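Structure at a glance
The chain contents come next:
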Protein chains: 2
Amino acid sequence: MLNIQPQRLTREAFAPFGDVIEIEGSEQFEINSGYTTRVHDLIDVQLGGENARAQFSFFLGRPRPLEIRMLERHPLGSQAFYPTDNKRWLVVVATEPKPEEVRAFWATGKQGVNYHQNVWHHPLLVIEPQQFVIIDRGGDGHNCDETELDTAVLIKLNE
Amino acid sequence: MLNIQPQRLTREAFAPFGDVIEIEGSEQFEINSGYTTRVHDLIDVQLGGENARAQFSFFLGRPRPLEIRMLERHPLGSQAFYPTDNKRWLVVVATEPKPEEVRAFWATGKQGVNYHQNVWHHPLLVIEPQQFVIIDRGGDGHNCDETELDTAVLIKLNE
């Protein structure tokens with residue numbers, strides 16, 4: 001069993017895996033006669049394969065053990081998560097599906113992520129029950145690969 | 001000046017204008033070994049015209065006078081709004097851009113809407129400052145028409 005600690009989620013640290021969704025540092029401009037700020041076009045929504053379309057869903061996540069034993073990836077599209085309950089949560093990714101490559105990030109309740117196509121990640125990990133908006137890809141074709149790790153990775157919470 | 005009162009937002013009442021985004025009444029199933037409920041594929045994301053793609057943005061809305069003097073529509077795509085601060089807000093739409101056709105709805109802080117292509121609606125109306133996730137259409141072409149009403153419509157809050 002490997003132990004890892006989550007690091008703070010930043011655009012720089014997360015760049016190999018996809019987009020961070022947050023207001024800070026994003027392009028913004030005024031619309032609607034100045035009554036609305038548009039924080040504009042935050043992610044790359046990737047919709048590959050046959051009959052692809054964008055899907056809007058909610059995920060209602062519940063806490064689970066913080067032992068990482070498997071990872072998954074979506075070969076045909078990106079998958080974005082944004083929390084709507086303003087509670088922090090955990091993001092777990094890997095450049096390759098090997099225990100020593102697994103990275104964990106603390107996302108604040110005002111940070112989401114967009115996993116790019118083919119990026120290995122763990123299914124949703126929350127500390128308390130919470131709701132997320134999900135933007136992912138619908139359409140024909142096989143869009144989920146799963147793999148088991150040969151050693152489990154335990155996330156040790158540092159806060 | 002016409003006066004109208006907002007009605008409760010329901011799928012039935014909103015059907016001529018687009019989709020209501022809420023957990024209640026939506027298809028859902030368990031994923032992630034039972035640790036996540038997926039509330040699945042809630043809206044029709046419409047992406048018409050040249051080089052269309054889905055855009056994920058935030059709108060940061062601020063209160064404004066509740067006098068409806070203009071409406072807009074998006075001829076090339078849908079536009080979805082989902083609140084992330086759990087505060088109620090107002091949805092204003094019309095089947096035709098005439099004062100007597102204007103309808104107002106109270107959305108709860110856990111209800112969003114998706115305006116379908118070509119549906120007349122008022123820009124974002126909030127009672128307190130709040131943040132929304134927006135899913136709309138990017139790409140080439142003219143995607144916003146605006147029109148002035150010949151008489152203003154005043155929204156009288158009933159709560």
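A brief structural summary. Please read all numbers here as calculations on a predicted model, not as lab measurements. (Residues numbered from 1 in each chain as written. Chains lettered and ligands numbered in written order. Predicted model: local features only at pLDDT ≥ 70, side-chain atom pairs only at ≥ 80, totals over all residues. Heavy atoms only, no water.)

**As for the nonpolar core**
Operational definition: By nonpolar core we mean a set of buried residues, namely Ala, Val, Leu, Ile, Met, Phe, Trp, Tyr and Cys, connected to one another through side-chain atoms within 4.5 Å. Exposure classes here rest on a 1.4 Å probe applied to the protein chains alone. A residue is buried below 20% of its type maximum, exposed above 50%, and partly exposed in between. Secondary structure elements follow DSSP: runs of H or I no shorter than four residues count as helices, runs of E no shorter than two count as strands, and numbering proceeds from the N terminus. It only takes one pair of heavy atoms within 4.5 Å for two residues to be counted as in contact.
Among the nonpolar cores identified, the biggest contains 26 residues, and Phe56 and Phe58 of chain A together with Phe56 and Phe58 of chain B are the most heavily contacted of them. Looking at this core, the elements with two or more residues in it are strand E6 (53-61), strand E8 (79-83) and strand E14 (130-138) of chain A together with strand E6 (53-61), strand E8 (79-83) and strand E14 (130-138) of chain B. Every residue in contact with Phe58 of chain B, bar those within four places of it in the chain, is listed here: Ile21, Glu22, Ile23, Thr37, Arg38, Val39, Leu42 and Tyr82 of chain A together with Gln131, Phe132, Val133 and Ile134 of chain B.

**Structural notes on the interface of chain B and chain A**
Which entries qualify depends on this criterion: Buried area is understood as the total, over both parts, of accessible area removed when two parts are fitted together, assessed with a 1.4 Å probe. Salt bridges are counted wherever a side-chain nitrogen of Lys or Arg sits within 4 Å of a carboxyl oxygen of Asp or Glu. By the criterion applied in these results, polar contacts are pairs of N or O atoms within 3.5 Å in which, for protein atoms, one can donate a hydrogen and the other can accept it, and in which residues neighboring in sequence qualify only through two side-chain atoms. Residue polarity follows a fixed list, in which Ala, Val, Leu, Ile, Met, Phe, Trp, Tyr, Cys and Pro are nonpolar, Asp, Glu, Lys and Arg are charged, and the others, Gly among them, are polar. Pairing between strands is defined by DSSP: at least two bridges between them are needed.
Of the residues lining the interface, 42 residues belong to chain B; the matching set on chain A comes to 42 residues. Each partner contributes to the roughly 3,800 Å² buried at the junction of chain B and chain A, and carbon and sulfur atoms together form 55% of this total. The partner of Asp85 of chain A in a salt bridge is Lys110 of chain B, and the shortest N-O contact between them spans 2.9 Å. If you look at where chain B meets chain A, you find 30 residue pairs in polar contact (both at pLDDT 80 or more). A total of 9 residues in the side of chain B that touches chain A trace back to one element, the largest contributor, which is E6 of chain B. Residues that form the side of chain B that touches chain A fall into these classes: 20 nonpolar, 12 polar and 10 charged. One ladder, built from 4 bridges, connects strand E5 (residues 36-39) of chain A with E6 of chain B; its direction is antiparallel. When the sheet's bridge partners are listed, Thr36 of chain A is paired in E6 of chain B with Gly61 of chain B.

**Some details on unusual backbone geometry**
Of note in this structure, Asn32 of chain A is not a glycine but carries a positive phi near 55 degrees. By the secondary structure assignment, Asn32 of chain A is in the loop between strand E4 (28-31) and E5. Located in the positive-phi region is Asp41 of chain B, a residue other than glycine, with phi close to 55 degrees. Here Asp41 of chain B is to be found in the loop between strand E5 (36-39) and E6.

**Looking at the sheet that holds strand E11 (residues 112-115) of chain B**
The criterion, for reference: Helix axes are fitted to C-alpha atoms over the stretch in contact, other axes to C-alpha atoms as well, and angles between N-to-C directions run from 0 to 180 degrees.
Ordered by their spatial adjacency, 7 strands build an open sheet running E4(A)-E5(A)-E6(B)-E14(B)-E8(B)-E11(B)-E3(B), and the pairing between neighbours is antiparallel. Bordering the open sheet on either side are E4 of chain A together with strand E3 (18-21) of chain B, each of which pairs with just one other strand. Going across the sheet, the axis of each strand differs from the next one's by a mean of 25 degrees, ignoring polarity. Alignment of E8 of chain B against E11 of chain B, held across 3 bridges, turns out to be antiparallel. Bridging across to E11 of chain B, Gln79 of chain B finds its partner in Tyr115 of chain B.

**Comments concerning the relation of the copies chain B and chain A**
Cut-off, in case you're wondering: Least squares is used to superpose the copies, and the fit set is the C-alpha atoms of residues whose pLDDT is at least 70 in both copies.
Rotating chain B by 180 degrees and moving it 0.0 Å along the rotation axis overlays it on chain A with an RMSD of 0.0 Å. One copy is carried onto the other by what is essentially a two-fold rotation axis. Ranked by how close their C-alpha atoms come to the rotation axis, the residues of chain B are headed by Thr84 of chain B, at 2.3 Å. With an isologous cut-off of 70% or more, the 100% of interface residues of chain B that recur at the interface of chain A puts this contact in the isologous class.

**A closer look at the sheet that holds strand E11 (residues 112-115) of chain A**
Judged by pairing direction, the sheet is antiparallel, and its 7 strands sit side by side in the order E3(A)-E11(A)-E8(A)-E14(A)-E6(A)-E5(B)-E4(B) without closing on themselves. Lying at the two open borders of the sheet, with one neighbouring strand each, are strand E3 (18-21) of chain A together with strand E4 (28-31) of chain B. Recorded for the sheet is a direction-independent mean angle of 25 degrees between the axes of neighbouring strands. Where E4 of chain B and E5 of chain B come together, 4 bridges link them in antiparallel fashion. Across the sheet, residue Gln28 of chain B finds its bridge partner in E5 of chain B, namely Val39 of chain B.

**With respect to the side chain of Asn32 of chain A**
Judged by relative accessible area, which is 15%, Asn32 of chain A ranks as buried. Within the local environment of Asn32 of chain A, its side chain forms a polar contact with the side chain of Thr36 of chain A, the two groups lying 3.0 Å apart. Here Asn32 of chain A is in contact with Arg64, Pro123 and Leu124 of chain B, once residues within four sequence places are set aside.

**Considering the pattern of salt bridges**
Residues and elements named next belong to chain B. Counting across every chain of the model gives 16 salt bridges over all chains. As a salt-bridge pair, Glu67 and Arg69 come within 2.6 Å of each other at their nearest N and O atoms. You can call Glu67 partly exposed: its relative accessible area is 28%. One salt bridge connects Asp145 with Arg73, and the closest N-O pair in it is separated by 3.0 Å. Taken together, the residues span a long stretch of sequence, with Asp145 in strand E15 (residues 145-155) and Arg73 in strand E7 (residues 67-73) at a distance of 72 residues.

**A short note on the packing of aromatic side chains**
Inclusion rule: Under the pairing criterion, centres of Phe, Tyr and Trp rings, with the six-membered ring standing for Trp, must be within 6.5 Å; the plane angle then separates stacked pairs below 30 degrees from edge-to-face pairs above 60, leaving the rest tilted. Sitting over a ring, as applied to charges here, requires NZ of Lys or CZ of Arg to be within 6 Å of the ring centre and within 35 degrees of the ring normal.
Applying the stated criterion to the full structure yields 24 aromatic pairs over all chains. Judged by centre distance (6.3 Å) and plane angle (55 degrees), the ring pair of Phe14 of chain A and Tyr115 of chain A falls under tilted. With a gap of 101 residues between them, Phe14 of chain A in helix H1 (residues 11-14) and Tyr115 of chain A in strand E11 connect regions that are remote in the sequence. Taking the relative accessible area as the measure of exposure, Phe14 of chain A reaches 0% and is therefore buried. Residue Tyr115 of chain A is classed as buried on the basis of its relative accessible area of 3%. Seen in terms of ring centroids, Phe14 of chain B and Phe17 of chain B are 5.6 Å apart; in terms of plane orientation they differ by 50 degrees. Their pairing is tilted. The two residues Phe14 of chain B and Phe17 of chain B agree in class, both being buried. In textbook terms, an aromatic cluster arises when at least three aromatic residues are bridged by ring pairs, as seen for Phe14, Phe17, Phe59, Phe81, Trp89, Phe105, Tyr115 and Phe132 of chain A. We note Arg88 of chain A situated over the ring of Trp106 of chain A; from NZ or CZ to the ring centre the distance is 3.8 Å.

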